[in-house]
Amino acid sequence: MPYGYITKLGDKLTREHVRYNNRYGIAIAADIYYAKDKDKNAKYPALINEGLEIREIDFQNRASLEKAFAGIDTFVYVASKTYSVFDRVGELENVLAAMKTNGIKNLVAMSFIADQEDNPFVMSPFYGYLPRRLAGTDLNYAIAKNSLYADPLVPYLPELIERKGLIYQVGKQAMSFITLEDSAEAMATMALNKDVLNSRRTYLLTQRRSYTMPELGAMGKTSAPGQLSIDDLRNAENYLEVK
């Protein structure tokens, strides 16, 4: 479909075209304009101040992965947010190929609890593929299987109150949650633990307790919109449970 550009390019302005498929398989395309002299590292001053190096990657571009992986011995793979199973499988294959090119033998891979054979979640096939694919390699690896993310419950609270219903229709069953912060800390810990890293096993990341729908509903009723915090949904200590 033809369209006009927002503005002309110049000495200080460049344009990048991006395209991806959303969760419904609809192609989304856009043009991103940014300054040519922009220092991309400036977005991560806290990391840079800690002496960390920022490397740009594109999961769909194997050459960019091979360049970014140079000189490292362990890779923590947090998948992209694409809802295309084929794209996700392709990016995993690119990661494994780039690791092989650079001689990287250690991997921590993020997974998700929705990996059952009969799970209708759109990305469930990928999470079923991941452990089987890694089992066929000679890598030292550990898979971090996240439970449901607690973080979205906070911004969703006003909508849930308005709908008078919760987004998880699981009846009387209890659900386990994990926060993004705890998940990140757990995966970093796994990458630094040689016994875990060499185990070639799956680890479930979750809180100490699970919540039923009535319990989550009661938590929402006692909080005004916007007042529910992550601390209401998390425990101070995260733990690993072997599958």
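The sections below set out a description of the structure shown in this document. What you see is a predicted model; the values in this text were computed from it and never measured.

With that settled, consider the pairing of strand 3 (residues 74–77). The alternating pattern of strand 3 places Phe75 and Tyr77 on a buried face, while none of Thr74 and Val76, on the opposite face, is buried. Bridge count for strand 3 against strand 4 (residues 106–112) is four bridges, and the pairing is parallel. Paired with Val76 across the strands is Val108, a residue of strand 4. Viewed along the sheet, the connection from strand 3 through helix 3 (residues 85–101) into strand 4 turns out right-handed.

The way to describe two aromatic rings as a pair is by their centre distance and the angle between their planes. Following the criterion strictly, the structure yields six aromatic pairs and no others. Relative to Tyr77, the ring of Phe59 lies with its centre 5.5 Å away and its plane at 90 degrees, an arrangement referred to as edge-to-face. Placement of Phe59 in the loop between helix 1 (45–49) and helix 2 (62–68) and of Tyr77 in strand 3 is noted, with a sequence separation of 18 residues between them. A connected cluster of aromatic rings, assembled from ring pairs, spans Phe59, Phe69, Phe75 and Tyr77. Against the face of Phe126 rests Arg88, its NZ or CZ located 5.0 Å from the ring centre.

The next point concerns the side chain of Thr179. Relative to the assigned elements, Thr179 resides in the loop between strand 7 (177–178) and helix 6 (180–192). For Thr179, a relative accessible area of 2% corresponds to the buried category. Of the polar contacts made by the side chain of Thr179, one reaches the backbone nitrogen of Asp182; its length is 3.1 Å.

Count 3.6 residues to each turn of an α-helix, and residues three or four apart come out pointing the same way. Over its 17 residues, helix 3 extends 24 Å from the first C-alpha to the last, a length consistent with the 24 Å expected when each residue adds 1.5 Å. For helix 3, the secondary structure elements touched by its buried residues are helix 2, strand 3, strand 4 and helix 4 (124–135). Positive backbone phi, at 70 degrees, marks Gly103, one or two positions downstream of helix 3.

If charged atoms from side chains of opposite charge come close, those side chains can pair. Scanning the entire structure with this criterion turns up four salt bridges. When the shortest N-O distance is used, the salt bridge between Glu53 and Arg55 registers 3.3 Å. By relative accessible area, which is 59% here, Glu53 ends up exposed. Measuring nitrogen to oxygen at the nearest pair gives 2.9 Å for the salt bridge that ties Lys145 to Asp115. In this pair, Lys145 sits in strand 5 (residues 140–146) while Asp115 sits in the loop between strand 4 and helix 4, placing the two residues 30 residues apart along the sequence. When its relative accessible area of 9% is taken as the criterion, Lys145 is described as buried.

By the element assignment, Leu148 lies in strand 6 (residues 148–149). When the C-alpha atoms of Leu148 and Ser176 are compared, they prove to be 6.3 Å apart, with 28 residues separating the residues in sequence.

With that out of the way, let us pick up the pairing of strand 4. With seven of seven residues buried, strand 4 is to be regarded as a mostly interior element. Along strand 4, one buried face is formed by Asn106, Val108, Met110 and Phe112 and the opposite face, lined by Leu107, Ala109 and Ser111, is buried too. Note that the unit made of strand 4, helix 4 and strand 5 has a crossover that is right-handed.

On the secondary structure map, Glu91 appears in helix 3. It turns out Glu91 is buried and unbridged, and the closest side chain with the opposite charge, Arg88, is 4.1 Å from it. Reaching out from Glu91, the side chain makes a polar contact with the side chain of Tyr77 at a distance of 2.7 Å. The contacts of Glu91, once residues within four sequence positions are left out, are Phe59, Gln60, Tyr77, Ala79, Ser80 and Thr82.

Calculation criteria
Residues numbered from 1 in each chain as written. Predicted model: local features only at pLDDT ≥ 70, side-chain atom pairs only at ≥ 80, totals over all residues. Heavy atoms only, no water. Buried < 20%, exposed > 50% of the residue type's maximum accessible area, 1.4 Å probe, protein only. Helix = DSSP H or I, 4+ residues; strand = E, 2+ residues; numbered from the N terminus. Pairing = 2+ DSSP bridges. Right-handed = clockwise from strand over helix to strand, strands pointing away. Phe/Tyr/Trp six-rings, centres within 6.5 Å; stacked < 30°, edge-to-face > 60°. Lys NZ or Arg CZ within 6 Å of the ring centre and 35° of its normal. Polar contact = N/O pair within 3.5 Å; in protein donor to acceptor, adjacent residues only side chain to side chain. Expected span 1.5 Å × (residues − 1). Contact = heavy atoms within 4.5 Å. Salt bridge = Lys/Arg side-chain N within 4 Å of Asp/Glu carboxyl O. Lys, Arg positive; Asp, Glu negative; His and termini not counted.

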